[in-house]
Amino acid sequence: MSEAAAPREWRAWLTAEAPSSRFHARSVRAYATARIFLRNPLALAGLALVVALLAIAAAAPLLAHGDPVAQDLARRLKPPSAAFWFGTDELGRDIYTRILYGARITLGIVSLVVVIVAPIGLLVGCVAGYLGGIADVVLMRVTDVFLAFPRLILALAFVAALGPGIENAVIAISLTAWPPYARIARAETIVLRDSDFISAARLLGASPGRIVLLHVMPLCLSSMIVRVTLDMAGIILTAAGLGFLGLGAQPPSPEWGAMISAGRKFILDQWWVAAFPGLAICLVSLGFNLLGDGLRDVLDPKQR
Amino acid sequence: MIEVDRLTVEFDETRAVDAVSFRVEKGEAFGIVGESGSGKSTVLRALSGLNQHWSGGMVIDGEEQSQHRTRAFHRHLQMVFQDPYASLHPRHTVDRALAEPLRVHGVGDREPRILRALREVGLGPEHRFRYPHQLSGGQRQRVAIARALILEPRVLLLDEPSSSLDVSVQAEILNLLQRLRRERTLTYVLVSHNLAVVAHLCSHVAVMNAGRFVEELDVAALRARRTQHPYTAQLLRASEGYDRAAAAALVTFD
Amino acid sequence: MTGPLLEIADLRVAFRSARGISEAVRGVGFTMGREKLGIVGESGSGKSLTGRSVLRLLPPGAMLSARRLAFDGIDLLGAAPSAMRELRGRRIAMVMQDPKFSLNPVMTVGHQIAEAYLAHKRASAAEARDKALAMLEAVRIRDPQRVYGLYPHEVSGGMGQRAMIAMMLAPDPDLLIADEPTSALDVTVQMQVLAILDDLVSERGMGLIFISHDLRLVASFCDRVLVMYGGRVVETVDARRLGEARHPYTRGLLACLPTLEGGEGELATLQRDPAWLTAP
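Analysis parameters
- Residues numbered from 1 in each chain as written.
- Chains lettered and ligands numbered in written order.
- Predicted model: local features only at pLDDT ≥ 70, side-chain atom pairs only at ≥ 80, totals over all residues.
- Heavy atoms only, no water.
- Salt bridge = Lys/Arg side-chain N within 4 Å of Asp/Glu carboxyl O.
- Helix = DSSP H or I, 4+ residues; strand = E, 2+ residues; numbered from the N terminus.
- Patch = residues over 30% accessible without salt bridge, like charges linked within 9 Å, V, L, I, M, F, W, Y side chains within 5 Å.
- Areas by Shrake-Rupley, 256 points an atom, 1.4 Å probe, with all protein chains shown as cover.
- Pairing = 2+ DSSP bridges.
- Contact = heavy atoms within 4.5 Å.
- Axes fitted to C-alpha atoms, helices over the stretch in contact; angles between N-to-C directions.
- Buried area = accessible area lost by both parts, 1.4 Å probe.
- Polar contact = N/O pair within 3.5 Å; in protein donor to acceptor, adjacent residues only side chain to side chain.
- Nonpolar A, V, L, I, M, F, W, Y, C, P; charged D, E, K, R; others polar.
- Buried < 20%, exposed > 50% of the residue type's maximum accessible area, 1.4 Å probe, protein only.
- Core = buried A, V, L, I, M, F, W, Y, C linked by side-chain atoms within 4.5 Å.
- Expected span 1.5 Å × (residues − 1).
- pLDDT = per-residue confidence, 0-100.
- Phe/Tyr/Trp six-rings, centres within 6.5 Å; stacked < 30°, edge-to-face > 60°.
- Parallel < 35°, antiparallel > 145°, perpendicular 65-115°, else oblique.
- Left-handed = near helix turned anticlockwise from the far one by under 90°.

## Some thoughts on the pattern of salt bridges
Note that side chains of opposite charge can pair when their charged atoms are close.
Residue and element names in this part refer to chain C.
Here is step 1 of the chain: Enumeration according to the criterion identifies 37 salt bridges over all chains in this entry.
Here is step 2 of the chain: The residue Arg91 makes a salt bridge to Asp72 at a minimum N-O spacing of 2.9 Å. Residue Arg91 is located in the loop between helix H2 (81-87) and strand E7 (92-95), and its partner Asp72 is located in the loop between strand E5 (68-71) and strand E6 (74-75); the two are separated by 19 residues in the primary sequence.

## A short note on a nonpolar patch on the surface
Residues and elements named next belong to chain A.
Here is step 1 of the chain: There is a patch of nonpolar side chains on the surface, built from Leu38, Leu44, Leu47 and Val51 and spanning about 290 Å² of accessible area.
Here is step 2 of the chain: With three residues, helix H3 (residues 41-63) is the single largest residue contributor to the nonpolar patch.
Here is step 3 of the chain: In this structure, Leu38 sits in helix H2 (residues 22-38).

## Brief notes about the sheet that holds strand E1 (residues 2-11) of chain B
All names here are of chain B.
Here is step 1 of the chain: Read from one edge of the open sheet, four strands run E2-E1-E4-E5, paired in antiparallel fashion. Two strands bound the open sheet, and with one partner strand each, they are strand E2 (14-24) and strand E5 (63-64).
Here is step 2 of the chain: Bridge count between E1 and E2: seven bridges; the pairing is antiparallel. By the bridge assignment for E2, Ile2 is matched with Val24.
Here is step 3 of the chain: Contacts from helix H1 (residues 40-48) reach E1, E2 and strand E4 (54-60), with the element oriented near 115 degrees to E1.

## Re the interface of chain C and chain B
Buried accessible area, meaning the area lost when the parts come together, often serves as the stated size of an interface.
Here is step 1 of the chain: If you look at the interface, chain C gives 33 residues, while chain B gives 30 residues.
Here is step 2 of the chain: When chain C packs against chain B, close to 2,800 Å² is buried across both sides, 56% of that on carbon and sulfur atoms.
Here is step 3 of the chain: Together, Met191, Leu260 and Glu264 of chain C form the three largest contributors to the area buried by chain C at its contact with chain B, with a combined 24%.
Here is step 4 of the chain: Viewed at the interface, chain B and chain C are joined by zero salt bridges.
Here is step 5 of the chain: In this assembly, chain C and chain B are joined by four residue pairs in polar contact (both at pLDDT 80 or more).
Here is step 6 of the chain: Put simply, the parts of the chain that give the side of chain C that touches chain B at least two residues each are helix H8 (187-204) and helix H9 (215-221) of chain C.
Here is step 7 of the chain: For the side of chain C that touches chain B, the residue count by class is 14 nonpolar, 10 polar and nine charged.

## Considering the sheet that holds strand E8 (residues 187-192) of chain B
Residue and element names in this part refer to chain B.
Here is step 1 of the chain: Pairing in this open sheet of six strands is mixed, and the strands run E6-E7-E8-E3-E9-E10 from one edge to the other. The open sheet is flanked by strand E6 (77-80) and strand E10 (212-218), the only strands paired with a single partner. When strand polarity is set aside, the average angle formed by the axes of neighbouring strands in this sheet is 20 degrees.
Here is step 2 of the chain: Sheet topology places strand E3 (residues 29-34) next to strand E9 (residues 204-209); five bridges connect them, and they run parallel. Considered in E9, the bridge of Gly31 is made with Val205.

## Things to note about unusual backbone geometry
Here is step 1 of the chain: In this model, Leu77 of chain A sits at a positive phi of 55 degrees, which is unusual for a non-glycine residue.
Here is step 2 of the chain: As for its placement among the helices and strands, Leu77 of chain A is situated in the loop between H3 and helix H4 (95-131).
Here is step 3 of the chain: Residue Leu77 of chain A is classed as buried on the basis of its relative accessible area, which comes to 15%.
Here is step 4 of the chain: Even without a glycine there, the phi angle at Glu152 of chain B is positive, about 55 degrees.
Here is step 5 of the chain: Following the sequence through the fold, Glu152 of chain B ends up in the loop between helix H5 (137-149) and strand E7 (155-159).

## Describing the nonpolar core
Here is step 1 of the chain: In this structure, Ile145 of chain B together with Ile113 and Leu176 of chain C are the most contacted members of the largest nonpolar core, which totals 121 residues.
Here is step 2 of the chain: Ignoring any residue separated from it by four or fewer positions in sequence, one finds Ile113 of chain C in contact with Ala132, Met135, Leu136, Ala163, Ala166, Met167 and Ala170 of chain C.
Here is step 3 of the chain: Ala177, Trp178, Ile235 and Ala239 of chain A belong to the second-largest nonpolar core, a separate cluster that totals 66 residues.

## Quick look at helix H6 (residues 167-184) of chain B
Residue and element names in this part refer to chain B.
Here is step 1 of the chain: If you check H6, its first and last C-alpha atoms are 26 Å apart, about what 18 residues at 1.5 Å a residue would give, namely 26 Å.
Here is step 2 of the chain: Counted residue by residue, H6 has 13 buried out of 18 residues, so it is predominantly covered.
Here is step 3 of the chain: Phi for Thr185, located one or two positions after H6, is positive at around 50 degrees.

## Focus on the confidence of the model for chain B
As a general rule, the predicted coordinates of low-pLDDT regions are not to be interpreted in detail.
Here is step 1 of the chain: With 98% of its residues at a pLDDT of at least 70, chain B reaches an overall mean of 87.
Here is step 2 of the chain: Within chain B, no element has a lower average pLDDT than helix H10 (residues 244-248) of chain B, which sits at 72, and none a higher one than E7 of chain B, at 93.

## Observations regarding the packing of aromatic side chains
Each aromatic ring pair is summarised here by two numbers: the centre-to-centre distance and the angle between the ring planes.
Here is step 1 of the chain: Applying the stated criterion across every chain yields a total of 11 aromatic pairs over all chains.
Here is step 2 of the chain: Arranged with centres 5.8 Å apart and planes meeting at 40 degrees, the rings of Trp271 of chain A and Phe276 of chain A form a pair that is tilted.
Here is step 3 of the chain: For Trp271 of chain A, a relative accessible area of 43% corresponds to the partly exposed category.
Here is step 4 of the chain: Relative accessible area serves as the criterion here: at 16%, Phe276 of chain A is assigned to the buried category.
Here is step 5 of the chain: Seen from their ring centres, Phe22 of chain B and Phe213 of chain B are 5.7 Å apart, and the 35 degrees between their planes marks the pair as tilted. Residue Phe22 of chain B is located in strand E2, and its partner Phe213 of chain B is located in strand E10; the two are separated by 191 residues in the primary sequence.

## Observations regarding the packing of H5 of chain B against H6 of chain B
All names here are of chain B.
Here is step 1 of the chain: One can describe the packing of H5 onto H6 by two numbers: an axis separation of 10 Å at closest approach and a directional angle of 15 degrees. Classified by the angle between their axes, H5 and H6 sit roughly parallel to one another. Considering only the axes of H5 and H6, their crossing is right-handed. From H5, Gly138, Gln141, Arg142, Ile145 and Leu149 reach across to H6, where they touch Val169, Glu172, Ile173, Leu176, Leu177, Leu180 and Arg184.

## Regarding the environment of Arg45 of chain B
Here is step 1 of the chain: In this fold, Arg45 of chain B is placed in helix H1.
Here is step 2 of the chain: Relative accessible area serves as the criterion here: at 28%, Arg45 of chain B is assigned to the partly exposed category.
Here is step 3 of the chain: Once the C-alpha coordinates of Arg45 of chain B and Asp159 of chain B are considered, the two residues, 114 residues apart in sequence, prove to be 9.3 Å apart.
Here is step 4 of the chain: Ignoring any residue separated from it by four or fewer positions in sequence, one finds Arg45 of chain B in contact with Ser199 of chain A together with Leu50 and Asn51 of chain B.

## Regarding the pairing of E1 of chain B
Residues and elements named next belong to chain B.
Here is step 1 of the chain: Note: E1 against E4, six bridges, orientation antiparallel. The partner of Thr8 across the bridge, within E4, is Ser55.
Here is step 2 of the chain: Where E1 hands over to E2, the hairpin turn is made up of two residues, of which Asp12 adopts a positive phi near 50 degrees.

## Side note on the packing of helix H5 (residues 133-148) of chain A against helix H8 (residues 179-193) of chain A
Residues and elements named next belong to chain A.
Here is step 1 of the chain: For the pair H5 and H8, the least separation of the axes is 9 Å and the interaxial angle reads 145 degrees. H8 is crossed by H5, and the crossing has left-handed handedness. Facing H5, whose interface residues are Asp136, Met140, Thr143, Asp144, Phe146 and Leu147, H8 presents Pro179, Pro180, Ala182, Arg183 and Arg186.
Here is step 2 of the chain: Considered class by class, the residues forming the contact of H5 with H8 number six nonpolar, one polar and four charged.

In structure tokens form, the structure reads like this:
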């Protein structure tokens, strides 16, 4: 009896018309948003793929069949079989295991980039949009400089200057990925700047810093989240591209892009060496795209 | 309490407000009536400091004002906007909206003040943690009024406070505003296009057209239709409802 | 022309939402001839939906039902989409609140009026242009040639609304539904636009449904007034006898309006009686 009552109580709490505290109000709102999101099958599929990526990355040692860098030249280039689910590569390493560990690298790169890029872009865009005038001009011209270069080329240039390696790849990708977020944030801020509730905040005597941080930025977050999610695929591909060119993760690191590059030579006869890492990249990108689409449908219409 | 001397606001090449002067005594309610584009909202924005591109003289509560306002100034003068949905932050609960002014000015004991503010505008604790989209138009406007009054200002600027509301709700909000003014001896400057609303709340009225005050009069004179300028007479006639003959006699004033 | 222009009985409009089915219009019925009928209500009363039901222009997801919905004897409920398209614009027209949103922003005003005409009558481009200019004159625009070539964002609110009326009346409809046509306009402009509507409707012997929240304005303009509350018509009153209205909602609405004559005392407020939602 109490087990049936407990979920009902939770539901009642989460759908309360008159919340009793700020935390309660936020939970109610989050629950309502989640319910709408969960009704979209494609978004759910995207979420499932992303969660799978996270789970695999976390549980890689448990799911793997051994050491990702253990070589055994005797069993090189073996096709997929019961022992080696995805076959082996040119150095006899188990591709399945390498893909599992590669998920960690991919996830790591993507997370680092997002953590660097989103706040910087948001801050630059909101400040430029709110202050206008000289600050806006200067910040936007700086943004334009970075935006003018094709992302991969600029990343290449940075990596070439800084030297290959995952950390430098992350820095390079971050430096090229932030401008679009600044532009989006600025566009939204310009629209919000003239609304009555911002005028009301100014009338309270709130400083511009407070207004930008507490009033403007939270409203730009939704479109940021959507854009970031949709961009993940691009970031993954850029990282893979760098890896492919040998400028990202260095061997023997099981980075997916590097794996594809190594498998190029064997693509006609031993297709599995390049195909499986390629498939992994594909699926993860698809997952983030679907998730981003689902988030956009849920977050944007509610915004105003 | 408020003395405005030849206030002028220019946008690009037009004068939205052209050498407007008026006085408002402490505790009085002063109304500005005009149609859209007359410049009445611009006067309020200049008074509140939201618009900083004005010239002329402005003395509020004995202090000469410049284009920039100090934080202390905002404790004494607040504004209620027309659109109750647009004037509340969509992602802030009522509680947060009311706490913000207290936080900005470093005022303590927020909890009792917020509860009191809600009570005074006729809202209950069940509204405290709701978001604006969960409130009706009248309730949102009450929150906006509560927010404006929580710092206990002396002057309240009202920009068409009831125009966006349903008729039945309008009456409640107007009653609330009247009661609050009496209880707290507030000074109001009310802007509206609705003569009846202005006549109800205010004691003195200025009629505005194309950036200028064309006439200033007592509400008693307005009620008795003792007007001098033809524009005022025209506004009066038009607000009495549709009349075919009256409509034919309307003239455009530029 | 025999028979009423519009017959509506037990009109219902419902929406499906997360919480089940909610009825926004609950059993509205009235007949009208070639007169000016006003429908007054506050937000949520269902007045706009009632107007749109006649044209069957409801939002997606709306479910319409009625015992009778007929225009000039033609059954609108069972009409095929092609038949409705014939009627819309040609015999029943609609004017909405804000010309900023109802006029096409990338076509000149005159061109839109000509298009409206051509959509329903066979005519040459030159004839349509002449008709458009004639309509602009009929709505008392002083320089029709110049206004013909202006874009909607270049004209004032009052002029835009008059252009909208010109556009809607070009094909000579029998019934005009006006949904808050003057609410976005200044008071003096409102009077002028209403005068134009008044004259045009009388000259052409049209029927007019005037939907608004402004009870006094509607009563001073129309012949009859329907007062709506919570999706139902709570009272039908002759415009000249508004003061004799009997339903407590109507009386309450009239009492809570501030007037110039009223003193500074508190305004009466409306006490809503839940019985108004269900009583006949």
